[in-house]
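These are the residues of each chain, in order.
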Amino acid sequence: MSASSVPPMNLELPSKPVQELIKSADKEVPERYIYQLPNRSDDNHFEIEYMDSSVIDLSLLSASSSSQHEELRKLRSVLSSWGCLQLINHGLSSSLLDQIRQVGKEFFDLPLEVKQKHSRTLDSFEGYGDDTVSEGQSYNWNDRLHLKVHPLDHRNFRLWPEYLPNFRGTLEEYTMELRRVLKTILEAIAKSLELDENIFLRECGGEESINMFTRFNYYPPCSDPSHVLGLKPHSDGSVITILLQDKQVEGLQVEKDKQWFKVPIVPDALFINIGDQLEIMSNGILKSVVHKVVIDKENKRTSVATVSIPHSDKEIGPFGELIDKEIGPFGELIDKERPQMYKRIKNYLSVFFQYYPRGERAITAVKI
Ligand SMILES: O=C(O)CCC(=O)C(=O)O
Ligand SMILES: [Fe+2]
């Protein structure tokens, strides 16, 4: 499977961050940020219901808990219906969660010239800036700082604001804690599917080598929130994404059975969503949830998203070491009742980035 059948595209980046845009006297939202809603039922993306409370307790997922069996059953049910959950009792302290939000805030509070020293370019998603879009597509109402955080010796410190005194230490501690959460949750998901508990981590190259990227998202308030989106509908190209939502301002929405639902803020919870690569490995049992972010008229919103991606040794092309890793549905999850749903695919991320800038889903390209 290759992405060569997809026509080439011109990638574009906004000329200035949204944070700067809203400083101008003209409060009109530039045309390029106006999102064309695909159907009328989406016209009001605020008056919708909340998703079910899909809360999972990490401390109950470990073998020493007598409630493990029930929690694993719930885990499978929630990930195969919603593709996402709210994780509580994950072991990260409230103060660490506050600190990681705080270092993100400190970065976005810096003067533009300083932030721009960390700018991303068209051919690498790491650094400061919005996502690229293909020519003519609307822009997200979002500024980001996107950094590789794991493996530790792959960090690109040129892009890190190292002069912020607490930035590096806080992000290191947060990354190590998330690595522990990631291991426990991937083992639990494997057990819930009656697979060897190490199967996902092994497929990702192991605990030491798994690739993790953290993006600090900043969504400024917008005078016309009905016609812009912080992030357009997408699924993540990851195996799994661990998201720390804003403490007060809602905005994340998920799609289920063609309907949108708001994601509530559960204090101190980590929001976990399945990415395309886990949907593929699980042969479609787990759902890579389509989600989007809406904007508040008065308040800025921030979030911290950490994506995990399989490791691979080879370094080819613009996304470097991510290239050449082959993934596919596990044989244990293929049978007569559930035939293979996805092709085996090398370098899923390069396929992902052929589709994402066009606002399309890459996973449809690997469906059988
Ligand atoms: O800000 C959020 O709540 C979601 C972020 C997200 O979906 C992403 O960074 O891919
Ligand atoms: Fe996402």
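Residues numbered from 1 in each chain as written. Chains lettered and ligands numbered in written order. Predicted model: local features only at pLDDT ≥ 70, side-chain atom pairs only at ≥ 80, totals over all residues. Heavy atoms only, no water.

## Quick notes on the coordination of the iron ion (ligand 2)
When a metal carries six donors in an octahedron, the ideal angles between them are 90 or 180 degrees, while four donors in a tetrahedron ideally lie at 109.5 degrees. Heads up, the rule is: Excluding water, the donors of a metal are its N, O and S neighbours within 2.8 Å, or within 3.2 Å for Na, K and Ca, and that exclusion means sites may look incomplete. In this description a helix means any DSSP run of H or I spanning at least four residues, a strand means any run of E spanning at least two, and both kinds are numbered starting from the N terminus.
Every protein donor of the iron ion (ligand 2) is accounted for by His234 (NE2), Asp236 (OD) and His291 (NE2), and the metal-donor separations fall at 2.1 to 2.3 Å. Within one chain, the residues serving as donors to the iron ion (ligand 2) are arranged as H-x1-D-x54-H. In this pair, Asp236 is assigned in the loop between strand 8 (231–234) and strand 9 (240–244) and His291 in strand 13 (residues 291–293), connecting sequence segments 55 residues apart.

## Let's talk about the site of ligand 1
Test applied: A molecule or strand has a residue near it when one of that residue's heavy atoms lies within 4 Å. N or O atoms within 3.5 Å of each other form a polar contact, as long as, within protein, one can give a hydrogen and the other can take it, and as long as residues adjacent in sequence are counted only when both atoms are side-chain atoms. Only the protein chains shown count as cover for residues, and all accessible areas are computed by the Shrake-Rupley method using a 1.4 Å probe.
As a structural note, the neighbourhood of ligand 1 is formed by 14 residues, with Arg144, Arg215, Tyr219, Arg301 and Ser303 the closest of them. Within the side chain of His234, an N or O atom sits 3.2 Å from an oxygen atom of ligand 1. In the model, an oxygen atom of ligand 1 is placed 2.8 Å from a nitrogen or oxygen of the Arg301 side chain. The protein chains hide 98% of the 290 Å² of surface that ligand 1 would expose on its own. Of all the secondary-structure elements, those providing two or more residues to the shell around ligand 1 are strand 7 (211–219), strand 8, strand 13 and strand 14 (301–309).

## Some words on the confidence of the model for the chain
For clarity, the cut-off: Predictor confidence is given residue by residue as pLDDT, running from a minimum of 0 to a maximum of 100. Between two residues, a contact is recorded if the distance between any of their heavy atoms is within 4.5 Å.
Per-residue confidence for the chain averages 90 on the pLDDT scale, and 93% of its residues sit at or above 70. When the criterion is pLDDT under 50, residues 315–319 qualifies, and its contacts beyond four places in sequence or with other chains add up to eight contacts.

## Re the sheet that holds strand 4 (residues 127–128)
Note the following rule: A strand pair is defined by DSSP finding two or more bridges across the two strands.
Ordered by their spatial adjacency, eight strands build an open sheet running 2-3-12-9-14-7-6-4, and the pairing between neighbours is mixed. Every interior strand has two partners, whereas the edge strands, strand 2 (55–57) and strand 4, have only one. In this structure, strand 6 (residues 143–150) lies alongside strand 7, joined through seven bridges in antiparallel fashion. Each residue of the ladder has a partner; that of Leu145, found in strand 7, is Phe216.

## What to know about the nonpolar core
Defined as follows: What we call a nonpolar core is a set of buried Ala, Val, Leu, Ile, Met, Phe, Trp, Tyr and Cys residues that are connected through their side-chain atoms within 4.5 Å. When a residue's accessible area, from a 1.4 Å probe over protein chains only, is under 20% of the maximum for its type it is buried; when over 50% it is exposed; and in between it is partly exposed.
Counting residues in hydrophobic clusters, the biggest one holds 79 residues, and the most contacted among them are Leu75, Tyr174, Ile189, Phe200, Ile240 and Leu278. Looking at this core, the element that brings in the most residues is helix 5 (residues 167–192), giving 11 residues. Counting residues in hydrophobic clusters, the runner-up holds 25 residues, among them Met51, Cys84, Cys222 and Ala305.

## Things to note about the packing of aromatic side chains
What describes a pair of aromatic rings is the distance from one ring centre to the other and the angle between the planes of the rings. So the rule is basically this: Only rings of Phe, Tyr and Trp enter the pairing, Trp through its six-membered ring, and a pair is recorded when the two centres are within 6.5 Å. The plane angle decides the type: under 30 degrees is stacked, over 60 is edge-to-face, the rest tilted. Cation placement over rings: the criterion is NZ of Lys or CZ of Arg within 6 Å of the ring centroid and within 35° of the ring normal.
Scanning the model with the defined rule gives 17 aromatic pairs in all. Centroid distance Phe125 to Phe213: 5.2 Å. Interplanar angle 70°. Geometry classified as edge-to-face. Within this pair, whereas Phe125 is found in the loop between helix 4 (112–115) and strand 4, its partner Phe213 is found in strand 7, the two being separated by 88 residues in sequence. In this pair, the class of Phe125 matches that of Phe213, namely buried. Aromatic side chains Tyr348 and Phe352 sit 6.4 Å apart centroid to centroid with 50° between the ring planes, which places their arrangement in the tilted category. Of the two residues, Tyr348 and Phe352 are both situated in helix 8 (residues 348–355); the distance of four residues between them amounts to about one turn of the helix. The buried category is assigned to Tyr348, whose relative accessible area is 2%. Note on Phe352: relative accessible area 8%, which makes it buried. Here the aromatic residues Phe125, Phe213, Tyr348, Phe352, Phe353 and Tyr356 are joined through ring pairs into a cluster of three or more. The residue whose ring lies beneath Lys292 is Trp260, and the NZ or CZ to ring-centre distance is 4.2 Å.

## Overview of the sheet that holds strand 13
Within a sheet, each strand pairs with its neighbour through backbone hydrogen bonds, oriented either parallel or antiparallel. Applied cut-off: Helix axes use the C-alpha atoms of the stretch in contact, all axes being lines fitted to C-alpha atoms, and the angles between their N-to-C directions lie in the range 0 to 180 degrees.
The antiparallel open sheet is built from four strands, whose spatial order is 8-13-10-11. With one partner strand each, in any of the chains shown, strand 8 and strand 11 (259–262) form the two edges of the open sheet. In this sheet, adjacent strand axes meet at a mean angle of 25° when their direction is disregarded. Across two bridges, strand 8 lies against strand 13 in antiparallel orientation. Paired with Leu231 across the strands is Val293, a residue of strand 13.

## Remarks on the pairing of strand 10 (residues 252–256)
Both strand 10 and strand 13 contribute to a ladder of three bridges, which runs antiparallel. Looking at strand 13, one finds that Leu252 is bridged to Val293. Pairing geometry for strand 10 and strand 11, over four bridges, is antiparallel. Across the sheet, the residue bridging to Lys256 is Gln259, located in strand 11. Where strand 10 hands over to strand 11, the hairpin turn is made up of two residues, of which Asp257 adopts a positive phi near 45°.

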